[in-house]
Amino acid sequence: MKGLENKRVFISGGCGDIGRAVAARFLAADAKVILGDLLKSEDGWNRAKSLHSSHALYVPCDVTSAASIEAACSFTERELKGIDVAICCAGMVANEPFVQITEENWMRTLDVNLTGSLRVAQAAARLMMKNPRDEGKRRGVVIFTGSWVQAMPWPEGGSYCASKAGQEMLMKVMAQELAPHGITCNIVAPGIVYAGLSRSIYDRDALFRQRADQTIPLGRLCSAEEVAGAFLYLASLDGAYVTGSSIVIDGGASLVKRNT
Ligand SMILES: NC(=O)c1ccc[n+]([C@@H]2O[C@H](COP(=O)([O-])OP(=O)(O)OC[C@H]3O[C@@H](n4cnc5c(N)ncnc54)[C@H](O)[C@@H]3O)[C@@H](O)[C@H]2O)c1
């Protein structure tokens, strides 16, 4: 894909499974990547260095804190002189039956998955507005990590589904407002990935496993690597005219009516 060389990419939640898979693909395309995450500095730097000795950097970044995001943006400006692509990948899940959803889990899920994406996108967009337009007439690219459940209910997923659905509408409003500034906004919405948040639930929870297995027409969970390419497409020259869209990569899960 063209137009990724030397792009300055910031990934919140970049040390997670999907974040690292996305980072690895951008690095292979000669982009420069900063991973922002909750890890201690040394652990985060080790993750970054395992991806690339010089083009992958780490900065501590808690998306629930505007101050932490500002500090991460200052680091990005200092190290890379700006930001071209902001990827919001930080996420959490706390599945629980609707009547047992705790206010604490609800608030925390919305804070990380929805408000966290707002905070990162806002800080990044302010920086992107300073960029000259690229070959695709863009000043910047914002990509949220959504989920197929942003548009489909999943049992016991009230907080998570609501956070991702809210994120989808936020992305559309941003896409409309930021288009005149040359900033595109989109979502990559994975299905059930055998990695990160879902892998441990799939391995330990028999009912989740049964539901997942009967939900996916392609008959298997996907890998983090299988969703990574869509992020590159949206950031590349090929994706320059795409804004306000979700690319759903769910093996057909959204097509299926489940019984459990
Ligand atoms: N795994 C799946 O099946 C799946 C499916 C659809 C969407 N997603 C989304 O993909 C994204 C990545 O998830 P993953 O599956 O790779 O899980 P993961 O747990 O491997 O990665 C999530 C990362 O987010 C970080 N994080 C959590 N809270 C944070 C905070 N407050 N500030 C900064 N970073 C924070 C974690 O430290 C972790 O590195 C999430 O947004 C998730 O909702 C995952």
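Computed from a predicted structure; not experimentally measured. (Residues numbered from 1 in each chain as written. Predicted model: local features only at pLDDT ≥ 70, side-chain atom pairs only at ≥ 80, totals over all residues. Heavy atoms only, no water.)

1. Digging into the overall build of the chain
Looking only at helices and strands, one finds eight helices and seven strands in the chain. Rg of the C-alpha trace for the chain: 18 Å, near the compact-globule value of 18 Å for 260 residues, within the 12% margin. Along the three orthogonal principal directions, the C-alpha set of the chain runs to about 50 × 40 × 30 Å. By the burial criterion, 51% of the 260 residues in the chain qualify as buried. Of the contacts formed within the chain by residues at least 6 apart in sequence, a portion of 70% connects residues at least 24 apart. About 11,900 Å² of surface is accessible on the chain, with carbon and sulfur atoms providing 53% of the total. Once the 28 positive and 27 negative side-chain charges of the chain are each reduced to a mean point, those two points are 4 Å apart. (Helix = DSSP H or I, 4+ residues; strand = E, 2+ residues; numbered from the N terminus. Rg over C-alpha atoms; globule rule 2.2 N^0.38 Å. Buried < 20%, exposed > 50% of the residue type's maximum accessible area, 1.4 Å probe, protein only. Contact = heavy atoms within 4.5 Å. Areas by Shrake-Rupley, 256 points an atom, 1.4 Å probe, with all protein chains shown as cover. Lys, Arg positive; Asp, Glu negative; His and termini not counted. Charge placed at Lys NZ, Arg CZ, Asp CG, Glu CD.)

2. Thoughts on the site of the ligand
Contacts to the ligand come from 28 residues, most closely from Asp17, Asp37, Tyr160, Val193 and Ser198. At a separation of 3.1 Å, an oxygen atom of the ligand approaches a polar backbone atom of Gly16. Contact distances for the ligand include 2.9 Å between a nitrogen atom and a backbone N or O atom of Val63. When isolated, the ligand has an accessible area of 820 Å², and the protein chains bury 91% of it. (Near = heavy atom within 4 Å. Polar contact = N/O pair within 3.5 Å; in protein donor to acceptor, adjacent residues only side chain to side chain.)

3. Section: unusual backbone geometry
Within the chain, Lys81 stands out as a residue other than glycine whose phi angle is a positive 65°. With respect to the helices and strands, Lys81 occurs in the loop between α3 (66–80) and β4 (85–88). A relative accessible area of 62% means that Lys81 is categorised as exposed. Phi is positive for Lys137, close to 65°, though the residue is something other than glycine. Relative to the helices and strands, Lys137 resides in the loop between α4 (103–128) and β5 (140–145).

Such coordinate-based values are descriptive only and should not be taken to indicate function.
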